[in-house]
Amino acid sequence: MSLQIVFEGQAIKSEMVVLVLEKWDLHPQMDEKDAQPNLDDLARDTRVLVPEAEFEQAREVLFGESEIERAGF
């Protein structure tokens, strides 16, 4: 099972992305970009990966239209 990157950014933002995707019953993994990251630094570079089969759904959850946009407000 291969993984695809769905988000790259600061650790604090990546943690929020992971929580959102888990609420949708997806299986995200947060990965550190540096070999030896400073885990106390919330601005460190990270990425969020999801299984290839869940990639499109994860992108739709994160970047798709909201219910409000779909309703035309």
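Being a predicted model, the structure only gives us computed values, none of them experimental.

Rules used throughout
- Residues numbered from 1 in each chain as written.
- Predicted model: local features only at pLDDT ≥ 70, side-chain atom pairs only at ≥ 80, totals over all residues.
- Heavy atoms only, no water.
- Pairing = 2+ DSSP bridges.
- Helix = DSSP H or I, 4+ residues; strand = E, 2+ residues; numbered from the N terminus.
- Axes fitted to C-alpha atoms, helices over the stretch in contact; angles between N-to-C directions.
- Contact = heavy atoms within 4.5 Å.
- Core = buried A, V, L, I, M, F, W, Y, C linked by side-chain atoms within 4.5 Å.
- Buried < 20%, exposed > 50% of the residue type's maximum accessible area, 1.4 Å probe, protein only.

A. Fine view of the sheet that holds strand β2 (residues 29-32). The sheet built from three strands is open, its strands ordered β1-β3-β2 with antiparallel pairing. Edge positions in the sheet fall to β1 (3-10) and β2, since each of these pairs with one other strand and no more. Each strand axis lies, on average, 30° off the axis of its neighbour in the sheet, ignoring direction. The pairing of β2 with strand β3 (residues 45-51) spans four bridges and is antiparallel. Each bridged residue has a counterpart across the sheet, and for E32 the counterpart in β3 is T46. Of the strands in this sheet, β1, β2 and β3 touch helix α1 (residues 11-23), which is tilted by about 135° from β1.

B. Seen up close, the nonpolar core. Within the largest apolar cluster, 10 residues are counted, these being V6, F7, V17, V18, L21, L26, V48, V50, F55 and A58. Contributing elements (two or more residues each) for this core: β1, α1, β3 and α2 (55-63). Ranked by residues supplied to this core, first place goes to α1 with three residues. Not counting the four nearest positions on each side in its chain, V17 is found in contact with F7, V48 and L62.

C. Summary view of the environment of D31. Mapped onto the elements of the fold, D31 is located in strand β2. On the basis of relative accessibility, which here comes to 30%, the residue D31 falls in the partly exposed class. Between the C-alpha atom of D31 and that of I5, which follows or precedes it by 26 residues, the distance is 9.6 Å. Not counting residues up to four positions away in its chain, the partners in contact with D31 are T46, R47 and L49.

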